[in-house]
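Read off the chains here:
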Amino acid sequence: MIITLAEVKQYLRLEADFLDEDVLIQTLIDAAEAYLLNATGQLFDEANHLAQLLCFVLGADWYEHRE
C-alpha cells in the first residue's frame with residue numbers, strides 16, 4: 001500500500017469522520033496504485049515519495065472530476 005484512506009482524506013481536506021464516500025475514495029486509491037504498477041511494471045510502497053505523490057494527485061483528480 002502506497003497511501004492510506006486517512007492520508008487521502010487529509011489531502012482532499014475532508015473530515016476524518018466523513019464516511020459517506022470512503023468506498024469511492026478507497027476504489028480511487030486502488031485504481032491509482034494499479035495504474036502506477038501497470039505504467040511501470042514495478043511495485044512501490046510508502047517509502048517512495050514520488051509514487052505517493054502520483055497516487056495523491058491521480059486520486060484527487062479523479063475524485064474532484066467525477067460525474
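Criteria and cut-off values
- Residues numbered from 1 in each chain as written.
- Predicted model: local features only at pLDDT ≥ 70, side-chain atom pairs only at ≥ 80, totals over all residues.
- Heavy atoms only, no water.
- Salt bridge = Lys/Arg side-chain N within 4 Å of Asp/Glu carboxyl O.
- Helix = DSSP H or I, 4+ residues; strand = E, 2+ residues; numbered from the N terminus.
- Buried < 20%, exposed > 50% of the residue type's maximum accessible area, 1.4 Å probe, protein only.
- Lys, Arg positive; Asp, Glu negative; His and termini not counted.
- Polar contact = N/O pair within 3.5 Å; in protein donor to acceptor, adjacent residues only side chain to side chain.
- Contact = heavy atoms within 4.5 Å.
- Expected span 1.5 Å × (residues − 1).

Caption draft 1: Up close: the pattern of salt bridges. Using the criterion set out here, one finds 2 salt bridges in the structure. The partner of Asp22 in a salt bridge is Lys9, with the nearest N and O atoms 2.8 Å apart. Here Asp22, found in helix α2 (residues 22-40), pairs with Lys9, found in helix α1 (residues 5-11); they are 13 residues apart in sequence, far enough to count as distant. The exposure class of Asp22 is buried, given its relative accessible area of 16%.

Caption draft 2: Summary view of the side chain of Glu33. Position of Glu33 relative to the elements: it lies in helix α2. Despite its burial, Glu33 pairs with no opposite charge; the closest candidate is Lys9, at 16 Å N-O. Polar contacts involving the side chain of Glu33 include one to the main-chain amide nitrogen of Ile3, which spans 3.2 Å. Not counting the four nearest positions on each side in its chain, Glu33 is found in contact with Met1, Ile2, Ile3 and Cys55.

Caption draft 3: Unusual backbone geometry, seen in detail. With phi around 60°, Arg13 is a residue other than glycine that occupies positive phi space. The topology assignment puts Arg13 in the loop between α1 and α2.

Caption draft 4: Quick peek at helix α3 (residues 49-64). The end-to-end C-alpha separation of α3 is 22 Å, in line with the 22 Å expected for 16 residues at 1.5 Å each. Among all positions in α3, only Ala51, Gln52, Cys55, Phe56, Leu58, Gly59, Ala60 and Tyr63 are buried. If you follow the buried residues of α3, they end up packed against α1 and α2. Two to three positions downstream of the cap, the backbone nitrogen of Leu50 sits 3.1 Å from a side-chain oxygen, assigning the N-cap of α3 to Asn48.

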